[in-house]
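# A closer look at the structure
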Amino acid sequence: YRIDARGAVALSNHTLKAADAAAANVITAGSGVTGSTVASGSVQVSGGGDVSANVTSQAAAAVSGTNVSGNIAGAVVTVSAQESANATVSAQGAAKISGADVGGSIAGSDVTVSAQNSATATVSAQGAAKVSGADVGGSISGTEVTVSAQRSASATVSAQGAVSVSGADVSGSISGSN
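Residues numbered from 1 in each chain as written. Predicted model: local features only at pLDDT ≥ 70, side-chain atom pairs only at ≥ 80, totals over all residues. Heavy atoms only, no water.

Moving on to the overall build of the protein chain. Across its full length, the protein chain carries zero helices and 18 strands. Relative to the compact-globule value of 16 Å for 178 residues, the protein chain shows a C-alpha radius of gyration of 17 Å, a close match. For the protein chain, the C-alpha atoms occupy an extent of roughly 50 × 30 × 20 Å along the three principal directions. Buried residues in the protein chain amount to 42% of all 178 residues. Taking all contacts inside the protein chain whose residues are at least 6 apart in sequence as the whole, residues at least 24 apart take part in 5%. Across the protein chain, the centroid of the 6 positively charged side chains sits 9 Å from that of the 9 negatively charged ones. (Helix = DSSP H or I, 4+ residues; strand = E, 2+ residues; numbered from the N terminus. Rg over C-alpha atoms; globule rule 2.2 N^0.38 Å. Buried < 20%, exposed > 50% of the residue type's maximum accessible area, 1.4 Å probe, protein only. Contact = heavy atoms within 4.5 Å. Lys, Arg positive; Asp, Glu negative; His and termini not counted. Charge placed at Lys NZ, Arg CZ, Asp CG, Glu CD.)

Now the structure itself:
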(Lines give C-alpha, C1' and ligand atoms only; values in the text may rest on other atoms or scores of the structure.)
Protein backbone atom coordinates (compact mmCIF):
# COMPACT_ATOMS: atom_id res chain seq x y z
CA TYR A 1 0.00 0.00 0.00
CA ARG A 2 0.91 3.65 -0.42
CA ILE A 3 -1.09 6.38 1.28
CA ASP A 4 -0.08 9.98 0.64
CA ALA A 5 -2.31 12.56 2.32
CA ARG A 6 -2.01 16.31 2.67
CA GLY A 7 -3.90 16.17 5.96
CA ALA A 8 -4.30 13.50 8.62
CA VAL A 9 -4.48 9.73 8.11
CA ALA A 10 -6.86 8.03 10.55
CA LEU A 11 -7.24 4.29 10.25
CA SER A 12 -9.80 4.44 13.11
CA ASN A 13 -10.66 1.04 14.54
CA HIS A 14 -9.30 -0.82 11.53
CA THR A 15 -5.94 -2.44 10.83
CA LEU A 16 -4.35 -1.92 7.42
CA LYS A 17 -2.75 -5.22 6.36
CA ALA A 18 -0.26 -5.97 3.57
CA ALA A 19 0.77 -9.55 2.75
CA ASP A 20 3.44 -8.93 0.06
CA ALA A 21 6.84 -9.44 1.72
CA ALA A 22 8.61 -7.61 -1.12
CA ALA A 23 6.41 -4.51 -0.88
CA ALA A 24 7.55 -1.23 0.61
CA ASN A 25 4.45 0.03 2.40
CA VAL A 26 4.24 3.78 3.03
CA ILE A 27 1.89 6.11 4.92
CA THR A 28 2.72 9.81 4.55
CA ALA A 29 0.55 12.51 6.11
CA GLY A 30 0.82 16.29 6.11
CA SER A 31 -0.43 16.24 9.71
CA GLY A 32 -1.03 13.35 12.12
CA VAL A 33 -1.37 9.59 11.72
CA THR A 34 -3.44 7.28 13.94
CA GLY A 35 -4.30 3.60 13.68
CA SER A 36 -2.66 0.25 13.07
CA THR A 37 -0.85 -1.48 10.24
CA VAL A 38 0.55 -4.99 9.86
CA ALA A 39 2.81 -5.87 6.92
CA SER A 40 5.02 -8.69 5.69
CA GLY A 41 7.17 -6.12 3.88
CA SER A 42 8.74 -2.93 5.16
CA VAL A 43 6.62 -0.14 6.63
CA GLN A 44 7.33 3.58 6.69
CA VAL A 45 4.94 5.90 8.55
CA SER A 46 5.64 9.62 8.59
CA GLY A 47 3.48 12.48 9.74
CA GLY A 48 3.88 16.23 9.81
CA GLY A 49 2.12 16.10 13.20
CA ASP A 50 1.73 13.51 15.93
CA VAL A 51 1.93 9.83 15.02
CA SER A 52 0.09 7.47 17.36
CA ALA A 53 0.25 4.13 15.59
CA ASN A 54 0.66 0.43 16.11
CA VAL A 55 3.07 -0.77 13.42
CA THR A 56 4.09 -4.40 12.91
CA SER A 57 6.44 -5.40 10.11
CA GLN A 58 8.31 -8.60 9.37
CA ALA A 59 10.91 -6.38 7.68
CA ALA A 60 12.04 -2.83 8.54
CA ALA A 61 9.71 -0.41 10.33
CA ALA A 62 10.37 3.35 10.30
CA VAL A 63 8.11 5.84 12.08
CA SER A 64 8.57 9.61 12.24
CA GLY A 65 6.56 12.62 13.37
CA THR A 66 6.39 15.54 15.76
CA ASN A 67 5.50 13.20 18.66
CA VAL A 68 5.58 9.42 18.19
CA SER A 69 3.72 6.89 20.35
CA GLY A 70 2.26 3.41 20.03
CA ASN A 71 3.65 -0.10 19.59
CA ILE A 72 6.26 -0.46 16.87
CA ALA A 73 7.76 -3.83 15.93
CA GLY A 74 9.92 -5.08 13.08
CA ALA A 75 13.11 -6.80 12.04
CA VAL A 76 14.84 -3.41 12.25
CA VAL A 77 13.08 -0.39 13.80
CA THR A 78 13.79 3.33 13.45
CA VAL A 79 11.78 5.95 15.34
CA SER A 80 12.43 9.65 14.87
CA ALA A 81 10.49 12.40 16.68
CA GLN A 82 11.01 16.12 16.52
CA GLU A 83 9.70 16.39 20.10
CA SER A 84 8.75 13.26 22.09
CA ALA A 85 9.26 9.60 21.17
CA ASN A 86 7.41 7.57 23.80
CA ALA A 87 6.66 4.16 22.34
CA THR A 88 6.96 0.45 22.95
CA VAL A 89 9.59 -0.66 20.43
CA SER A 90 10.52 -4.26 19.69
CA ALA A 91 13.15 -5.09 17.07
CA GLN A 92 14.58 -8.47 16.13
CA GLY A 93 17.67 -6.59 14.94
CA ALA A 94 18.75 -3.02 15.58
CA ALA A 95 16.49 -0.37 17.14
CA LYS A 96 17.31 3.34 16.75
CA ILE A 97 15.17 5.89 18.56
CA SER A 98 15.71 9.65 18.53
CA GLY A 99 13.86 12.75 19.69
CA ALA A 100 14.02 15.78 21.93
CA ASP A 101 12.73 13.47 24.70
CA VAL A 102 12.73 9.66 24.51
CA GLY A 103 10.78 7.34 26.82
CA GLY A 104 8.90 4.08 26.68
CA SER A 105 10.19 0.54 26.39
CA ILE A 106 12.79 -0.31 23.74
CA ALA A 107 14.14 -3.79 22.98
CA GLY A 108 16.38 -5.10 20.21
CA SER A 109 19.61 -6.87 19.39
CA ASP A 110 21.46 -3.52 19.40
CA VAL A 111 19.69 -0.42 20.71
CA THR A 112 20.66 3.23 20.18
CA VAL A 113 18.73 5.99 21.93
CA SER A 114 19.58 9.64 21.19
CA ALA A 115 17.77 12.45 22.98
CA GLN A 116 18.51 16.15 22.86
CA ASN A 117 16.92 16.60 26.31
CA SER A 118 15.94 13.57 28.39
CA ALA A 119 16.18 9.84 27.71
CA THR A 120 14.17 8.01 30.37
CA ALA A 121 13.37 4.70 28.71
CA THR A 122 13.55 1.06 29.67
CA VAL A 123 16.20 -0.24 27.25
CA SER A 124 16.96 -3.92 26.78
CA ALA A 125 19.55 -5.06 24.22
CA GLN A 126 20.88 -8.54 23.51
CA GLY A 127 24.01 -6.79 22.21
CA ALA A 128 25.11 -3.19 22.63
CA ALA A 129 22.93 -0.54 24.29
CA LYS A 130 23.92 3.09 23.69
CA VAL A 131 21.90 5.85 25.35
CA SER A 132 22.69 9.55 25.16
CA GLY A 133 20.98 12.78 26.17
CA ALA A 134 21.29 15.88 28.29
CA ASP A 135 19.75 13.81 31.12
CA VAL A 136 19.61 10.00 31.10
CA GLY A 137 17.47 7.87 33.41
CA GLY A 138 15.50 4.66 33.39
CA SER A 139 16.70 1.08 33.20
CA ILE A 140 19.35 0.15 30.63
CA SER A 141 20.69 -3.36 30.03
CA GLY A 142 22.73 -5.15 27.39
CA THR A 143 25.86 -7.12 26.70
CA GLU A 144 27.76 -3.83 26.50
CA VAL A 145 26.23 -0.57 27.74
CA THR A 146 27.30 3.02 27.06
CA VAL A 147 25.48 5.92 28.74
CA SER A 148 26.48 9.49 27.86
CA ALA A 149 24.76 12.38 29.65
CA GLN A 150 25.69 16.01 29.27
CA ARG A 151 24.17 16.78 32.69
CA SER A 152 22.73 13.97 34.81
CA ALA A 153 22.98 10.19 34.43
CA SER A 154 20.72 8.63 37.05
CA ALA A 155 19.84 5.14 35.85
CA THR A 156 19.89 1.46 36.64
CA VAL A 157 22.56 0.13 34.28
CA SER A 158 23.38 -3.55 33.87
CA ALA A 159 25.85 -5.07 31.41
CA GLN A 160 27.13 -8.62 31.01
CA GLY A 161 30.31 -7.09 29.56
CA ALA A 162 31.75 -3.60 29.52
CA VAL A 163 29.83 -0.65 30.93
CA SER A 164 30.58 3.06 30.53
CA VAL A 165 28.53 5.81 32.22
CA SER A 166 29.46 9.47 31.92
CA GLY A 167 27.82 12.73 32.95
CA ALA A 168 28.29 15.84 35.08
CA ASP A 169 26.34 14.01 37.83
CA VAL A 170 26.27 10.20 37.87
CA SER A 171 24.06 8.18 40.24
CA GLY A 172 21.99 5.02 40.32
CA SER A 173 22.92 1.37 40.17
CA ILE A 174 25.70 0.39 37.77
CA SER A 175 26.96 -3.15 37.19
CA GLY A 176 29.19 -4.69 34.55
CA SER A 177 32.35 -6.72 34.08
CA ASN A 178 34.78 -3.78 34.02
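Once you've had a look at it, read on.
This paragraph deals with the pairing of strand E13 (residues 110-115). The alternating pattern of E13 places Val111, Val113 and Ala115 on a buried face and Asp110, Thr112 and Ser114 on a face that is not buried. Direction of pairing for strand E11 (residues 94-99) relative to E13: parallel, over a ladder of six bridges. Residue isoleucine 97 lies in a different strand from E13, and its bridge partner there is valine 113. (Pairing = 2+ DSSP bridges.)

Glancing now at the side chain of serine 36. By the secondary structure assignment, serine 36 is in strand E4 (residues 33-39). Exposure remark for serine 36: the relative accessible area of 18% places this residue in the buried category. There is a polar contact of 3.4 Å between the side chain of serine 36 and the side chain of asparagine 54. (Polar contact = N/O pair within 3.5 Å; in protein donor to acceptor, adjacent residues only side chain to side chain.)

Attention shifts here to the pattern of salt bridges. Side-chain pairs of opposite charge can arise whenever the charged atoms involved come near each other. Per the stated rule, a full pass over the model turns up one salt bridge. The partner of aspartate 135 in a salt bridge is arginine 151, and the shortest N-O contact between them spans 2.7 Å. Note that aspartate 135 is positioned in strand E15 (residues 128-142) and arginine 151 in strand E16 (residues 144-159), a separation of 16 residues in sequence. The class of arginine 151 is partly exposed, set by a relative accessible area of 46%. (Salt bridge = Lys/Arg side-chain N within 4 Å of Asp/Glu carboxyl O.)

Quick look at the pairing of strand E14 (residues 118-125) now. On E14, burial follows the alternation: Ala119, Ala121, Val123 and Ala125 on one face are buried, whereas Ser118, Thr120, Thr122 and Ser124 on the facing-out side are not. For E14 and E15, the ladder comprises seven bridges, and the chain directions are parallel. By the bridge assignment, serine 118 is partnered in E15 with aspartate 135.

Looking at the element boundaries, alanine 62 is found in strand E7 (residues 60-65). Considering only alpha carbons, one finds alanine 62 and serine 80, 18 residues apart in sequence, at a separation of 8.1 Å. Look past the residues within four positions of alanine 62 in its chain and what remains in contact with it is Val43, Gln44, Val45 and Thr78.

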